[in-house]
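Topology and contacts: notes
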Amino acid sequence: MGEVVSITEEDTFDQFWAKYPRKVGKLKARVAWNRITSGGKVVNIDGEGVNVQGTPEEILAGLDEYIFRNSNPLNGWLLAMEFTPLAVTWLNQMRWDDA
């Protein structure tokens, strides 16, 4: 049976989704968000469980930095959408923690 996803009125995932530039795969991204913000694991390429954890505040701050680095106030988004990772990939790879 599938994972149950709880939704609250003040859902921080909705803040993330509103900001994220590529709007594909919302349900998978929400499941990843819930797993990550509750201290879950993902399986890496070697089949090992890896802790992927982050607070909503850390993730949203990292997203703001990602958007700042990849956007231009004059031209909008610099990366072509096909080179912008899906939100679930961005979350699972902890891209909010990129320096």
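You'll find the structure just up there.
We now turn to the structure provided with this report. Quantities reported herein were computed from a predicted structural model and do not represent experimental measurements.

Rules behind the numbers
Chains are numbered independently. Their residues run from 1 in the order of the written sequence. Residue-level local features of this predicted model are given only where pLDDT is at least 70; pairs of side-chain atoms are given and counted only at 80 or more, and the full residue set underlies all totals for whole chains, interfaces and linings. Note that water and hydrogens are dropped before the side-chain values are worked out from all heavy atoms of the structure. Here, the term nonpolar core denotes a set of buried Ala, Val, Leu, Ile, Met, Phe, Trp, Tyr and Cys residues that are joined through side-chain atoms within 4.5 Å. Classification of residues uses two cut-offs on accessible area relative to the type maximum, computed with a 1.4 Å probe and protein chains only: under 20% is buried, over 50% is exposed, and between them is partly exposed. In DSSP terms, a helix is any run of H or I states spanning at least four residues, a strand is any run of E spanning at least two, and both are numbered starting from the N terminus. By definition, residues are in contact when any of their heavy atoms lie within 4.5 Å. Here, axes are lines fitted to C-alpha atoms. For helices the fit covers the stretch in contact, and angles between N-to-C directions go from 0 to 180 degrees. Relative orientations are named as follows: roughly parallel for angles under 35 degrees, roughly antiparallel for angles over 145 degrees, roughly perpendicular for angles from 65 to 115 degrees, and oblique for any other angle. Note on residue classes: Ala, Val, Leu, Ile, Met, Phe, Trp, Tyr, Cys and Pro are nonpolar, Asp, Glu, Lys and Arg are charged, and everything else, Gly too, is polar. Any N or O atom pair separated by 3.5 Å or less is treated as a polar contact, with the protein-specific requirement of one donor-capable and one acceptor-capable atom, and with residues adjacent in sequence counted only for side-chain atom pairs.

Core analysis: the largest hydrophobic core is formed by 18 residues, its most contacted members being Phe 16, Ile 59, Trp 90 and Leu 91. Of all the secondary structure elements, the ones that give two or more residues to this core are α1 (12-19), α2 (26-37), α3 (56-69) and α4 (87-92). Those residues within four positions of Trp 90 in sequence are excluded, and the remaining contacts are Phe 16, Tyr 20, Ile 59, Gly 62, Leu 63, Tyr 66, Pro 85, Arg 95 and Trp 96.

All right, on to the packing of α1 against α3 then. α3 packs onto α1 with a crossing angle of 5° between their chain directions and a minimal axis gap of 10 Å. Our classification of the angle between α1 and α3 gives roughly parallel. Counted together, Thr 12, Gln 15, Phe 16 and Lys 19 of α1 and Pro 56, Ile 59, Leu 60, Leu 63, Asp 64 and Ile 67 of α3 form the full contact between these two elements. Considered class by class, the residues forming the contact of α1 with α3 number six nonpolar, two polar and two charged.

So, about the environment of Thr 37. For Thr 37, the location among the structural elements is in helix α2. Each C-alpha atom, one on Thr 37 and one on Ile 59, is 9.0 Å from the other, the two residues being 22 residues apart in sequence. Once residues within four sequence positions are removed from consideration, Thr 37 is found in contact with Gly 54, Thr 55, Pro 56 and Ile 59. A polar side-chain atom of Thr 37 sits 2.8 Å from the main-chain carbonyl oxygen of Trp 33.

So, on to unusual backbone geometry. Residues other than glycine seldom take positive phi values, yet Met 94 does so here, at roughly 50°. Among the secondary structure elements, Met 94 is positioned in the segment after α4. Residue Met 94 is classed as partly exposed on the basis of its relative accessible area, which comes to 25%.

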